[in-house]
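Each chain, letter by letter, is given below.
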Amino acid sequence: MFARWFARFRSYVAGRSPRYFTGAVAVALAVVVLLLPSPYVIEMPGPTQDVLGKVDEGDVIDISGEGVATYKDSGKLLLVTVSASGVPGYPIVNAQAVWGWANPHVEVMPREAVVPVGQTADEYQQEVDADMSGSQDTAGEVGIAYAKNHASELGIDASALDKVSVTMHVDKIGGPSAGMMYALGLIDKLTAAEESGGHVVAGTGTIDSKGKVGRIGGVRLKMLAAKRDGATWFLTPSGNCGEAAGHVPQGVRDVKVATLDEAYQALVAIGQGRGDSLPHCAA
């Protein structure tokens with residue numbers, strides 16, 4: 001049987017030109033290259049989370065303290081994320097990078113532009129978790145400080161905030177870029193007014209101890225995530241306006257903000273139907 005098979009194989013080979021075999025080898029090599037580990041990172045719109053909502057651990061923003069009242073809002077405040085593959089611990093192959101280049105909703109970049117050379121999976125995760133933890137701590141402090149400073153106009157008992165405890169829970173989301181939305185959600189929960197007016201408002205931006213909203217990465221992808229999950233408004237850090245202008249998804253209205261106060265006042269304006277007058281990112 002083997003002799004019969006070998007004879008057929010020789011006959012098959014004899015009927016093929018050298019060019020045929022060259023092409024076959026080239027195809028085989030191309031397949032091998034596509035399956036090799038890639039030195040690139042691909043990013044795409046990631047999950048969103050309503051900071052006024054709940055996760056397995058309880059409220060995303062949990063506020064406790066004697067005499068402190070919290071309130072519900074019929075709308076949503078979405079923090080937005082980017083899903084990254086090709087970073088330490090989440091390897092990809094070249095075929096995935098090629099797919100990313102062909103997809104207008106995916107960004108592809110060299111790994112060294114995203115993470116330090118030689119960073120391990122454990123080091124990467126520790127950095128992401130530390131950024132998120134620090135962002136939450138700062139957002140809690142800044143949000144409470146804002147509520148105290150504006151207590152009379154917000155209808156809040158400032159003295160009750162002296163011993164308030166704030167804990168934030170978000171599943172499988174890291175990095176510092178949700179700071180503004182955490183602080184905004186905290187203030188919203190402390191006030192009886194429904195600031196959102198029932199709208200789904202998304203946003204992004206870091207927050208520092210003075211309430212300044214900082215620039216983040218992947219703003220275009222985050223706007224796509226916001227639209228996908230029902231947002232009609234997007235609070236954009238002023239530092240990201242250069243890349244956001246002209247790329248806001250249809251059906252979403254962006255609002256340029258530089259501070260927590262601007263973000264809060266924008267949220268109130270949106271809820272009261274005055275959102276169209278708010279500044280947006282221009283080219």
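Refer to the structure above for everything that follows.
Residues numbered from 1 in each chain as written. Predicted model: local features only at pLDDT ≥ 70, side-chain atom pairs only at ≥ 80, totals over all residues. Heavy atoms only, no water.

Okay, the nonpolar core next. Counting 49 residues, the largest nonpolar core has V51, Y182, L184, L190 and L235 as the members making the most contacts within it. Breaking this core down by element, the ones donating at least two residues are β4 (61-64), β5 (76-85), α4 (121-149), α5 (151-154), α6 (179-190), β11 (233-237), β12 (253-257) and α9 (260-271). Excluding anything up to four places from it in sequence, L184 contacts L77, L235, L260, A263, Y264 and L267. By size, the runner-up hydrophobic cluster in this structure holds 15 residues, among which are V200, A202, V219 and A245. (Core = buried A, V, L, I, M, F, W, Y, C linked by side-chain atoms within 4.5 Å. Buried < 20%, exposed > 50% of the residue type's maximum accessible area, 1.4 Å probe, protein only. Helix = DSSP H or I, 4+ residues; strand = E, 2+ residues; numbered from the N terminus. Contact = heavy atoms within 4.5 Å.)

So, about the environment of H280. For H280, the position within the fold is in the segment after α9. Along the chain, H280 and N94 lie 186 residues apart, while their C-alpha atoms are 38 Å from each other. Beyond its immediate stretch of four places on either side in the chain, H280 contacts R253, D254, V255 and K256.

Moving on: the pattern of salt bridges. Overall, the coordinates contain five salt bridges when judged by the stated rule. A salt bridge links K148 to D162; the shortest N-O distance between them is 3.2 Å. Linking K148 in helix α4 with D162 in the loop between α5 and β7 (165-168), this pair joins segments that are 14 residues apart in sequence. Taking the relative accessible area as the measure of exposure, K148 reaches 32% and is therefore partly exposed. By relative accessible area, which is 53% here, D162 ends up exposed. In this structure, E243 and R215 form a salt bridge, with 2.7 Å as the shortest nitrogen-oxygen distance. Taken together, the residues span a long stretch of sequence, with E243 in helix α8 (residues 241-244) and R215 in the loop between β10 (213-214) and α7 (219-228) at a distance of 28 residues. On the basis of relative accessibility, which here comes to 22%, the residue E243 falls in the partly exposed class. (Salt bridge = Lys/Arg side-chain N within 4 Å of Asp/Glu carboxyl O.)

All we've got here are geometric facts, nothing functional implied.
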